[in-house]
Amino acid sequence: MPTPPRSRYAAVVTSAFVGAGVVALGAASNLPDAKTVNPDVLSALDKAQVSTDALQSRAGDATRASRSESRDTAAKANTKLNDEQAAAEVYLLPLDDYQFTSAFGVRFGKLHAGIDLAAPDGTPYKSIHAGTVTAAGYNGGYGYSITVQQDDGTEVIYAHSRRLLVKKGDVVKAGQVIGEVGNTGYSYGTHLHLEIHVDGKPVDAITFLKPHGVDIQLQMESLYAGLAAAEAAS
């Protein structure tokens, strides 16, 4: 037979001692003085009760410890989930340092659909948001460029690169280095051309990013910048 759990074992032991006590009491009733109870029987009953209480106390402690561990595990899982969610939603600056040189709007009679951020040749630039690379290569006037599509369909184009560090199909995180500033394509001086399309149409990157906690002109990022950078590096 398998060994019964502690609680059942305690019950069996207790029942055995109680039974012995009852038998002893019954036998004692046949003696001349039925009021006299064997002290050994009373002692055995007391010891059985103490053993039962001790086993139940240990079982309760184990249950409480198990519940505490479960709560700690759940809390850690929720924290990790919240961190990952924040990293997935955050927007960041594409460069650590730059000079804002050209805005969104009509230029030379044509729409300049992005903004230009001047930086030294070879300066690494980062993805401003998580997404999937849908294009990476030479693209006419854009020179070497990268297009990253976000989950909601928004597309971000990084143009005039000297070097591309990702390829089509790659999944990138906000803050991940994806290329280097260059002067390829239709470009005047080394700079990063940042262009954002919503529903297939170009929008002003400055006004688009401000509600997401990124100010291009003041070079300020959201509060989750450090978290996203850590996620991108991991």
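Residues numbered from 1 in each chain as written. Predicted model: local features only at pLDDT ≥ 70, side-chain atom pairs only at ≥ 80, totals over all residues. Heavy atoms only, no water.

An unreviewed UniProt entry lists the protein under the name M23ase beta-sheet core domain-containing protein, from Actinoplanes ianthinogenes.

Considerations on the environment of alanine 174
With respect to the element layout, alanine 174 can be found in the loop between β9 (171-172) and β10 (177-181). Residues alanine 174 and glutamate 89, spaced 85 residues apart in sequence, show a C-alpha to C-alpha distance of 8.5 Å. (Helix = DSSP H or I, 4+ residues; strand = E, 2+ residues; numbered from the N terminus.)

Overview of unusual backbone geometry
Of note in this structure, histidine 160 is not a glycine but carries a positive phi near 70°. Structurally, histidine 160 can be placed in strand β8 (residues 155-164). Exposure remark for histidine 160: the relative accessible area of 5% places this residue in the buried category. One non-glycine residue, aspartate 199, lies in positive phi territory at about 55°. As for its placement among the helices and strands, aspartate 199 is situated in the loop between β11 (191-198) and β12 (201-203). A relative accessible area of 72% places aspartate 199 in the exposed class. (Buried < 20%, exposed > 50% of the residue type's maximum accessible area, 1.4 Å probe, protein only.)

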